[in-house]
Amino acid sequence: MKNTLFTIIIISAIIFGCSKKQENAQGAMASGDAAQKVYVAPGNYDEFYAFMSGGFSGQVSVYGLPSGRLFKVIPVFSVDAEKSYGFNEETKPLLETSFGFIPWDDAHHPELSQTEGVPDGRWLFINGNNTPRIARIDLSLFETVEIIEIPNSSGNHSSPFTTENTEYIVAGTRFSVPFPQKDVPIGDTKFDGTLSFIKVGKDGKMEIAFQILVPGFDYDLAHSGKGKSHGWVFFTCYNTEQKNTLKEVNASQNDKDFIAAVNWKKAEEYLKQGKAKEYPVSYKHNWLDEKSQVAKSEEIKTVKVLTPADCPGLIYYLPTPKSPHGVDVDPTGEYIVGAGKLSADMAVHSFDKLLKAIENKDFEKTINGIPVIKFDKVVAGMVTKTGLGPLHTEFDGKGYAYTSFFITSEIVKWKLGTWEVVDRIPTYYSIGHLMIPGGDSKKPWGKYVVALNKITKDRYLPTGPELAQSAQLIDISGDKMKLLLDFPTVGEPHYAQALPAELVKPKSKQFFNLKDNNHPYKTLSENETKVVRQGNVVRVYMTMIRSHFSPDNIEGIQVGDNVYFHVTNLEQDFDVPHGFAVLGATNAELLIMPGQTETFYWNPKKVGIYPFYCSDFCSALHQEMQGYIRVSPKGANVPLKWWVGEPSAKK
Amino acid sequence: MRLKTVLLSGIIIMLFLISCGGGEDAKKPEPAPQQEQPQATNPLDNKGIGPIKQITLPETIDQKMADAGKKIYHEKCTSCHKEYEKYIGPAPLGIFERRSPEWIMNMILNPEVMIQKDPIAKDLIKQFASPMANQHLTEAEARSVLEYFRTLKQ
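Calculation criteria
- Residues numbered from 1 in each chain as written.
- Chains lettered and ligands numbered in written order.
- Predicted model: local features only at pLDDT ≥ 70, side-chain atom pairs only at ≥ 80, totals over all residues.
- Helix = DSSP H or I, 4+ residues; strand = E, 2+ residues; numbered from the N terminus.
- Rg over C-alpha atoms; globule rule 2.2 N^0.38 Å.
- Buried ≥ 20, exposed ≤ 12 C-beta atoms within 10 Å, placed from the backbone.
- Contact = placed C-beta atoms within 7 Å.
- Pairing = 2+ DSSP bridges.
- Axes fitted to C-alpha atoms, helices over the stretch in contact; angles between N-to-C directions.
- Domains from an automatic or database assignment.
- Nonpolar A, V, L, I, M, F, W, Y, C, P; charged D, E, K, R; others polar.
- Expected span 1.5 Å × (residues − 1).
- Parallel < 35°, antiparallel > 145°, perpendicular 65-115°, else oblique.
- Left-handed = near helix turned anticlockwise from the far one by under 90°.
- pLDDT = per-residue confidence, 0-100.
- Core = buried A, V, L, I, M, F, W, Y, C linked by C-beta atoms within 7 Å.

Draft legend 1. Up close: the overall build of chain A. Within chain A one finds six helices and 44 strands. For 651 residues, the compact-globule estimate of 2.2 N^0.38 gives 26 Å, and chain A sits close to it at 28 Å. The buried share among the 651 residues of chain A stands at 51%.

In structure tokens, the structure reads:
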């Protein structure tokens, strides 16, 4: 009896102790080994870095796979007070546009740089949708180092997909607008579209090489050719009806819209021949200077534009049912999958057939000088009996494609060439993009697919009306897909890219070498600290090291002064940032990495004694890392003085 | 009877471990605890813990090396160490009367381990509270700073 009771207790303990794992399994998976597959023991590293866009958060978040652990949120298009991004003087220029300083954008598609069609771990690009821009994140720093604005554009959604060797990344107009912009009645004239090709230099620097003026359809997504189709970029478009109101209905009238196939090598020839016309524009190109870690913003005033009617062979339209969203090219470069989001079946085009159709001039008509290929002359096959609302497709490198279905909330696995559906798995809920590490490249690491879901409803503890969105990790190493893990994400995980950690980790910078610090207001040792007044501008050349500022006492500041604290972190070790914050300052803290100089602007408005302190816990004496500034009335005769240590050390 | 219970619990506990998957074997074993250096009676016999095992200082000071060391010292060390007075950390003046040259260099090159394991460094952190920062000097740079310390005179 006693024994029985004992056994029951123990068994309940087992069940109770394991209950979390069983919750994970609910409704999703049959086998019980999911937990081991995503468990990364404390102190061990994940196999993959995953970079997820934050969508409307404007940021990129960095996760480990398979654990789903969040490592960092990289501010890109939105200011971030935590890192002083967009608040300190060094990063403010990055967010300059032709409309002025913009503290937000909608960041959709992270895109890893590639070499020979494979992610190489150098950079991550991401588009800003709202005020068309593309940002570049340096993957040795995990920081935004460049943002370029796209002129003659709006709704920059089909961006920033890369060519095989990151020769170009692209941008396109999801929202057509007049070219050039002008004051016209809405609805009377058809607007225009542009497809932009942004050249990427060896050092990563971006430059708008050319734009193609195209009919004002809504260019939605893009992907480059690879292998045999290297030299081409494919853009989907919907709203070939070119309606401007109630698009929900009016842009869904045509049974087929298009995939635009652009031959960029041909474009290069036309550029050489001088076929491009230069148009006056005004847009901003912003980048962080590596040595000084100070961003610069430059206005650019012209752009080269190619017109299809003058450039035969530059661009073709491939009819594709219906309002196609994603356009995805398989690892061989032969198949171009158009996910017609309002169509029951998905069309897959053949690159070989495309070339043949061009050669034979199998065109059904021409729009603004752009030949429209006959559908049956380019389509390779249809994937039928899938689901509803196909959006995006990625590949596992083993001959299979995985397509996300928004309306039926599922991922469908199908075979390239036979087009047969071989497996399907539900997602929770309303999947948008999906991502296989390297899944849009020539060599996918086809171990996992991540579902990026728009809606979570009942999946997590509720947090008021606004709920988390989510990512779900699915094992695709076997015949059947298996759900392993789901985790909430920062903002909308619109799209993501991932690659093996080994391609990034060894290059990750540990600290900035003081010797290389080329900041114009650097202070490289405590002996060089000073405070300089020029009129009402006061510059404080300050240093920080565990655990004191120099100077830490300052007098002679006056109400209304424009005070710039140029603070250098003198540490030369891994993981020793210091923070800087001042009572009443109306911007944000500084968070300064070892060897770096950052600048904090302060405009004191009231007399008094103002403490400042280190806001990042740095050592056992972090609480002591604090100083004072005396603010006197305007015109007071308090002399400018500063010191650290005993008053005898007063300068 | 009792034996049976124990056996049963043993089996159940094993089951529990298996079914719960437990922690995957840690791939990185914890480093074996290093033995603390025995307290040397004469601090000059303590060479510290780090890459420097043995150095011999020549009779005459290498002035060129000392000048280079002075520059590095001013760039990377003076935030906490003033030559002639106690500041955040102790002053290097007269340091050769208190410490072996190896200890000094190991303290510069390997401060994280020194303040945890070396008896003198452990005492120092009790006195000064601020831990010595690793400023990532190369061995050659640390050696030239050492040479600079040799030039310091009251």
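Once you've had a look at it, read on.
Draft legend 2. View of the overall build of chain B. A count of helical and extended segments in chain B gives six helices and zero strands. Traced from its N-terminal end to its C-terminal end, chain B shows the element sequence α-α-α-α-α-α. Long-range pairs, those at least 24 residues apart, make up 73% of the contacts in chain B between residues at least 6 apart in sequence.

Draft legend 3. Seen up close, the environment of Phe580(A). All names here are of chain A. Along the chain, Phe-580 turns up in strand β39 (residues 578-582). Phe-580 sits 183 residues away from Gly-397 along the chain, and the two C-alpha atoms are 49 Å apart. The contacts of Phe-580, once residues within four sequence positions are left out, are Phe-565, Val-567, Glu-589, Leu-590, Ile-592, Phe-600, Phe-612, Cys-614 and Ser-615.

Draft legend 4. Broad picture of unusual backbone geometry. Residues and elements named next belong to chain A. Note that the residue after Leu-65, namely Pro-66, is joined by a cis bond; omega there is 15 degrees. Following the sequence through the fold, Pro-66 ends up in the loop between β2 (59-65) and β3 (70-75). The phi dihedral of Ser-430 falls on the positive side, at around 55 degrees, and the residue is not glycine. Position of Ser-430 among the secondary structure elements: in the loop between β28 (421-426) and β29 (431-435).

Draft legend 5. Region of the structure containing the sheet that holds strand β33 (residues 496-500) of chain A. All names here are of chain A. On the basis of which strands lie adjacent, the open sheet formed by four strands has the order β3-β2-β1-β33 and antiparallel pairing. Across the chains shown, the open sheet's two edge strands, defined by having one partner strand only, are β3 and β33. Strand after strand, the sheet turns through a mean of 20 degrees between neighbouring axes, direction not considered. The pairing of strand β1 (residues 48-53) with β2 spans six bridges and is classified as antiparallel. For Tyr-49, the partnering residue across the bridge sits in β2 and is Gly-64.

Draft legend 6. Just the domain arrangement of chain A, in detail. Residue and element names in this part refer to chain A. What the domain assignment lists for chain A is domain 1 (48-507) and domain 2 (514-649). On a C-alpha basis, the centroid separation for the pair domain 1 and domain 2 is 43 Å. Every contact between the two is made by twelve residues of domain 1 and, on the other side, 15 residues of domain 2. Its residues assigned to classes, the side of domain 1 that touches domain 2 shows three nonpolar, four polar and five charged.

Draft legend 7. A look at the sheet that holds strand β16 (residues 277-289) of chain A. Residues and elements named next belong to chain A. In spatial order, the strands read β6-β7-β8-β9-β16-β17-β12-β11-β10; together these nine strands make up an open sheet with mixed pairing. Because the sheet does not close on itself, it has two edges, and the strands there are β6 (111-115) and β10 (168-172). With strand direction ignored, the average angle separating the axes of adjacent strands in the sheet is 25 degrees. With nine bridges connecting them, strand β11 (residues 192-200) and strand β12 (residues 206-215) associate as antiparallel partners. Across the sheet, residue Lys-199 finds its bridge partner in β12, namely Glu-207. In the packing of helix α5 (residues 264-272) onto the sheet, contacts are made with β10, β11, β12 and β17 (294-306), and the angle to β17 comes to roughly 85 degrees.

Draft legend 8. Layout of the environment of Glu85(B). Residue and element names in this part refer to chain B. With respect to the secondary-structure elements, Glu-85 resides in the loop between α2 (63-76) and α3 (101-109). Taking the number of C-beta atoms within 10 Å as the measure of exposure, Glu-85 has 11 and is therefore exposed. Measuring from C-alpha to C-alpha, the distance between Glu-85 and Glu-139 comes to 25 Å, with 54 residues separating the pair along the chain.

Draft legend 9. Structural view of α2(B). All names here are of chain B. The terminal C-alpha atoms of α2 lie 20 Å apart, and with 14 residues this matches the ideal 20 Å at 1.5 Å per residue to within 8%. Taken as a whole, α2 has its buried residues at Ala-66, Gly-69, Tyr-73, Glu-75 and Lys-76. Looking at the packing, one finds that the buried side of α2 touches α6 (139-151).

Draft legend 10. Representation of the packing of α2(B) against α6(B). Residues and elements named next belong to chain B. The geometry of α2 relative to α6 is characterised by a closest axis approach of 7 Å and an angle of 105 degrees between their N-to-C directions. Viewed along their axes, α2 and α6 adopt a mutual orientation that is roughly perpendicular. Contacts from Met-65, Ala-66, Ala-68, Gly-69, Lys-70, Ile-72 and Tyr-73 in α2 reach Glu-141, Ser-144, Val-145, Leu-146, Glu-147, Tyr-148, Arg-150 and Thr-151 in α6. Tallied by class, the residues present in the contact of α2 with α6 amount to eight nonpolar, three polar and four charged.

Draft legend 11. Looking closely at the packing of α3(B) against α6(B). All names here are of chain B. Packing of α3 against α6 leaves a shortest axis separation of 10 Å and a crossing angle of 130 degrees. The angle between α3 and α6 falls in the class oblique. The way α3 lies across α6 gives a crossing that is right-handed. On the side of α3, the interface is formed by Pro-101, Ile-104, Met-105, Ile-108 and Leu-109, while α6 contributes Glu-139, Ala-142, Arg-143, Val-145 and Leu-146.

Draft legend 12. Looking closely at the confidence of the model for chain A. For chain A, mean pLDDT is 94; residues scoring 70 or higher make up 94% of the total. A low-confidence stretch, residues 5-30 of chain A stays under pLDDT 50, and its non-local contacts, those more than four residues away or across chains, total 20 contacts.

Draft legend 13. Inspection of the pairing of strand β22 (residues 363-367) of chain A at higher detail. All names here are of chain A. Pairing of β22 with strand β23 (residues 370-373), which is carried by four bridges, proceeds in the antiparallel orientation. Within the sheet, the bridge partner assigned to Ile-367 lies in β23 and is Ile-370. Linking two consecutive strands that pair antiparallel, namely β22 and β23, is a turn of two residues; a positive phi of about 45 degrees is found at Asn-368 within it.

Draft legend 14. Seen up close, the environment of Gly54(A). Residue and element names in this part refer to chain A. Mapping Gly-54 onto the fold places it in the loop between β1 and β2. Residue class for Gly-54 comes out buried when judged on the 27 C-beta atoms lying within 10 Å of it. Through-space distance from the C-alpha of Gly-54 to that of Val-582 is 30 Å; in sequence the pair is 528 residues apart. Excluding anything up to four places from it in sequence, Gly-54 contacts Gln-59, Val-60, Ser-61, Ala-107, Val-490, Gly-491 and Glu-492.

Draft legend 15. Looking closely at the nonpolar core. Ranked by internal contacts, the top residues of the largest apolar core, which has 131 residues, are Phe234(A), Phe235(A), Ala260(A), Val262(A), Val449(A), Val450(A) and Ile474(A). Those residues in contact with Phe234(A) that lie beyond four places of it in its chain are Ala222(A), His223(A), Ile259(A), Ala260(A), Ala261(A), Val327(A), Val329(A) and Ile336(A).

Draft legend 16. The arrangement of the pairing of β16(A) in detail. Residue and element names in this part refer to chain A. In this structure, strand β9 (residues 143-149) lies alongside β16, joined through three bridges in antiparallel fashion. The residue bridging Glu-146 from the neighbouring strand is Trp-287, located in β16. With eleven bridges joining them, β16 and β17 adopt antiparallel strand pairing. In the strand pairing of β17, Asn-286 is matched with Ser-297. Where β16 folds back onto β17 in an antiparallel hairpin, the turn is made up of four residues, including Gln-293, whose phi is positive at roughly 55 degrees.

Draft legend 17. Geometry of the confidence of the model for chain B. On average, residues of chain B score 82 in pLDDT, and 74% of them are at 70 or above. Across residues 12-29 of chain B, confidence stays below pLDDT 50; counting only partners more than four residues off in sequence or on other chains, it has 22 contacts.

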